[in-house]
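Geometric and topological summary
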Amino acid sequence: MRRFVSFAVLLFFAAPFGASLVGCGTKTVSTFCNGQSGPLVGQVKSITLSPQFATFGESLNFGQIGTGLSATAVDCKGNPVSVRSYVFATSDMSFADINPTTGQVCGGTFNRNTGGGIPDYTLCTAPVNPPANTMAFVTATADGAVSNAIPVFVHPVVTSIVIGNPTPTGSCPANLNSTTADQASNCCPITTGAVVVAPPYTGGSCLSQGVSTQITARAYKNGTTNPADNITCQIGHLQYSAQNPSVLTIDQNGVATAAQPGSTILSAAVSNTGSGGAAGFFATCPPASITLSVPGQGNATSITVGLNNSQPLTAVVKDTNGVTLTGVSLEFESTTPTTISAGSGSVLPLFPGSATITAVCQPPICNSAPFSQIGLYGNGEPITSNGIQVTATGSNVTVLYIGSTQSQFLLPVDFSTGQPGSLIKLPYVPNSMVISNDGNSIYLGSSTALMTVNAVSNTVGATNQAVPGTVLSVSPDSSTIVVTDPARQTVSLVSSAGAVTTTNGGVGLHAQWSPDSQTVYIAAANDKLLVHSSYTGWFTTTTANQYLDVAVTVPSVGAFFATNTTITEGRSYCPQVTSTTPGNPPTTTAAFYPVSNDTTVETDRVAATNDGLHILGATVTPTPTLNDISVTFPPQALACTIAIPPVVFNSTFGTHPIPGIAATAITGVFPASNSALAFVTYTGTSGLLPEYVPSTGALTTVPLSSGAVAPVAGVFSTDNNTFFTGTSGDNEVHLITVTGTTATDTSVIAPKLPDVNGNTAVPNLLVQRPKKANS
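All figures in this text were calculated on a predicted structure; none of them were measured in a lab.

Rules used throughout
One numbering rule holds for all chains: residues counted from 1, following each sequence as written. With the structure being a predicted model, the display of local features is reserved for residues of pLDDT at least 70 and the display and counting of side-chain atom pairs for 80 or more, all residues being used for whole-chain, interface and lining totals. The basis for the side-chain values is all heavy atoms of the structure; hydrogens and waters are excluded. Within 6.5 Å between ring centres, the rings of Phe, Tyr and Trp (the latter by its six-membered ring) count as paired, and their orientation is classed by plane angle as stacked under 30 degrees, edge-to-face over 60, tilted in between. By definition, any uninterrupted DSSP run of H or I lasting at least four residues is a helix, any uninterrupted run of E lasting at least two residues is a strand, and each is numbered from the N terminus. Three labels apply to residues, based on accessible area from a 1.4 Å probe with only protein chains included: buried if under 20% of the type maximum, exposed if over 50%, partly exposed otherwise in between. A pair of strands is treated as paired once DSSP finds two or more bridges between them. Structural elements are reduced to axes, namely lines fitted to C-alpha atoms, with helices fitted over the stretch in contact, and the angle between N-to-C directions of any two is expressed from 0 to 180 degrees. As used here, the term nonpolar core means buried Ala, Val, Leu, Ile, Met, Phe, Trp, Tyr and Cys residues forming a set that is joined through side-chain atoms within 4.5 Å. Whether two residues are in contact is decided by their heavy atoms, any of which lying within 4.5 Å being enough. Cysteine sulfur atoms that pair up within 2.5 Å are treated as a disulfide. Residue-level confidence of the predictor is summarised by pLDDT, bounded by 0 at the bottom and 100 at the top. Polar contacts, as used here, are pairs of N or O atoms within 3.5 Å; protein pairs need one atom able to donate a hydrogen and one able to accept it. Residues neighboring in sequence count only if both atoms are side-chain atoms.

1. As for the packing of aromatic side chains
Scanning the entire structure with this criterion turns up 16 aromatic pairs. Centre to centre, the rings of Phe110 and Tyr121 are 5.4 Å apart; their planes meet at 85°, and the pair counts as edge-to-face. With Phe110 in strand E8 (residues 109-110) and Tyr121 in the loop between E8 and strand E9 (124-125), this residue pair connects regions lying eleven residues apart in the sequence. Tyr121 matches Phe110 in its accessibility class, with the two residues each being buried. Centre to centre, the rings of Phe592 and Tyr593 are 6.5 Å apart; their planes meet at 45°, and the pair counts as tilted. The exposure classification of Phe592 matches that of Tyr593, with both residues buried.

2. Some points on the sheet that holds strand E57 (residues 650-657)
Read across the sheet, four strands follow the order E54-E55-E56-E57 without closing on themselves; strand pairing throughout is antiparallel. Either end of the sheet is taken by a strand with one partner, and the two such strands are strand E54 (605-608) and E57. Across the sheet, the axes of successive neighbouring strands diverge by a mean angle of 20°, strand direction being ignored. Here eight bridges tie strand E56 (residues 625-632) to E57, and the two strands are oriented antiparallel to one another. From the neighbouring strand, Ser630 faces E57, where its bridge partner is Thr652.

3. Quick notes on the nonpolar core
The biggest cluster of nonpolar side chains holds 32 residues, and the ones touching the most others in it are Tyr521, Phe561, Ile615, Val631, Phe633 and Phe649. Those elements that place two or more of their residues in this core are strand E45 (519-524), strand E46 (528-533), strand E48 (547-552), strand E49 (558-563), E54, E56 and helix H3 (635-638).

4. As for the sheet that holds strand E36 (residues 432-435)
Taken in spatial order, the four strands line up as E36-E37-E38-E39 in an open sheet, and their pairing is antiparallel. Bordering the open sheet on either side are E36 and strand E39 (459-464), each of which pairs with just one other strand. Within the sheet, the average angular offset between the axes of one strand and its neighbour, ignoring direction, is 20°. The pairing of E36 with strand E37 (residues 441-445) spans four bridges and is classified as antiparallel. The residue of E37 that forms the bridge with Ile435 is Ile442.

5. Points about the side chain of Gln183
Inspection of the secondary structure puts Gln183 in the loop between strand E13 (160-163) and strand E14 (212-214). Beyond its immediate chain neighbours, meaning those up to four positions away, Gln183 contacts Thr167, Pro173, Leu176, Asn177, Ser178, Arg218, Asn230, Thr232 and Cys233.

6. What to know about the state of the cysteines
One pass over the structure, following the stated rule, counts seven disulfides. Here Cys106 is linked by a disulfide to Cys124, with a sulfur-sulfur distance of 2.0 Å. The S-S bond linking Cys106 to Cys124 shows a torsion near 85°; that makes this disulfide right-handed. Remark: Cys124 occurs in strand E9 and Cys106 occurs in strand E7 (residues 105-106); sequence separation between them is 18 residues. Note that Cys188 is cross-linked by a disulfide to Cys233, the S-S spacing being 2.0 Å. Between Cys188 and Cys233 the disulfide shows an S-S torsion of about -85°. By sign, it is left-handed. Taken together, the positions of Cys188 in the loop between E13 and E14 and Cys233 in the loop between strand E15 (217-220) and strand E16 (238-242) put the pair 45 residues apart, joining distant regions of the chain. Here Cys188 and Cys233 have matching classes, each one buried.

7. Examining the confidence of the model for the protein chain
Residues of the protein chain with pLDDT of at least 70 account for 94%, and the chain-wide mean is 91. Taken as a whole, residues 1-26 scores under 50 in pLDDT and shows zero contacts with residues more than four places along the chain or in a different chain.

8. Looking at the side chain of Gln546
Position of Gln546 relative to the elements: it lies in the loop between strand E47 (537-542) and E48. Reaching out from Gln546, the side chain makes a polar contact with the backbone nitrogen of Asn526 at a distance of 3.0 Å. Residues contacting Gln546, with those up to four places away along its chain left out, are Leu509, Ala524, Ala525, Asn526, Asp527, Ala562, Thr563 and Asn564.

The following block contains the structure:
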């Protein structure tokens, strides 16, 4: 028994000792920040409070509850430290109360112990008598460390922000809450302490690319812009943004740097309050000139490029201050994209032919402006370079499509086979026919439906009964067809997929597109001009004379219109600014497509030569005559930005009677793409095809064989070696071989298109597409 008691006593004293030994074996070794003593690694050394507010602070309306603040802690080695909770505090609870747990700040005082089931810190009461200085600082603490202090600006609700001139140097009031000074934001302390060295932006002119300026603004309460309601220096930091960010860049201090040409509405907002909106205007100076050249060829205006060879082009753009611009979004346009395409700074001849290439700064892609500021400082207006004429020599095979407004059949003729193809039966008798520039689709109008023929497989495609009418034109990019419906008296733009994208009232007679496919000019019945622009939408006006036909100028700075009087009228693509209304921003009133030229010659049909030197028009009144309008475009016609409206096209003209023909109507004027010669087609009698050489002014006629009475329709092969003309009398298609400026009727095709009575129809619808020669 004694031995048992002794063992129990020994065990009682031994157990704690054993436990102590175990505890010593697992004790954590402390690591000091400096290696020997002081703070430990793993303890909170510093706290960072809400980085999104650390630079410019938090801005709150009276009575507004802000978002919760976030805090992070690190130790002396920069390692993250987990903190159980932070305590948030404010320097003034009378107008910037704070929820100590979440860090939400109240622009006044929070509810506490309200009772009635209302949770604490959910109601914010605006201060009844706010102090003159309503800026407080909030912090977060944890484990003896204190965070950075975030400024909180508490203020009345901002009802408007106006970007404008800064307060003159030395004129800022000592009391930034003055009710008489109407101070701008340049008077208010910048919370970062950054020194802004950019000159102030006054909004009275444009800035050249790369130039920086300081944006300043004024903020107001009570829905006025009275100095007594100026609260600019109470609201804290302003954030600026642009509707069109390509025009400028804006840093956090409101320093704006001009970027791409154009103008934009600026918006200003108070940080995190949601207050603000459109407040001002900024303009980067527009181009004043675009000089297009061929590398290594000096001032060459024409070049020859081999087939399938890419030829680079160089465009130098200078703004209205003479500054050379970089990164400008130019469009390179070709007058004959089927044969010679223009890409981004280069051309590529796909088939033999000729085209004039220009570089264009075209809104809205380049030099855009809000609609109500078009023309202000020259923004929102297009500008075109000089033209480079590109020729690709050689010959190609033509696939010709022959149709008639009297027949339900279409005949394809592929000259690579030497034999006509099989007749294609159409769903309806066509009244018109055009082919897309990519050569893939033929569109035929009828009173019942829009028909499509696949020009690759020679099969009838979609028939769209929702779009009856006459096909007037297809855009150069092959995406949009212009169709007019005389029954409904509408003009519609129809996508290649068959969807009507937009419609306007009117009955179109003829239409022609600008080479970039952004603008289409439409001569319409009842003295109407219709223009559709992808930038400004539809433009409709009543004309002094009935427009009969249209030809887009080369370069495409406007269009010329044949009329029913002794006037051929030119219109410019430069909008004429008729008035400017001061304001913030100022607004302009512009007249689009103003008259720029009245040449006193009569024309029924018109066409432009690719070299940009001639507008050719033909008339039957009082006698058959070809009129050659020689056009020159002064610099302001190319660059609207330096124009004093209205823009004027300079022109002279020569009249050339067409001998030996008895014409009842002119059906077309067809210049070759190399501008060497042109043919005139007509209804009537005589069996002669009028030929005109623009360079010499010589007008002759080509005798037609096989009993042809009149050439009623025509189309050039893209290599300019053949002119195809459908003729009445024999109802055939004549092949006019062209060598230089000499034209000869060398052969005929008898399409034998049957009409509804089984008779042969007149082939008065012709289109063609090029095809690579087998050799």
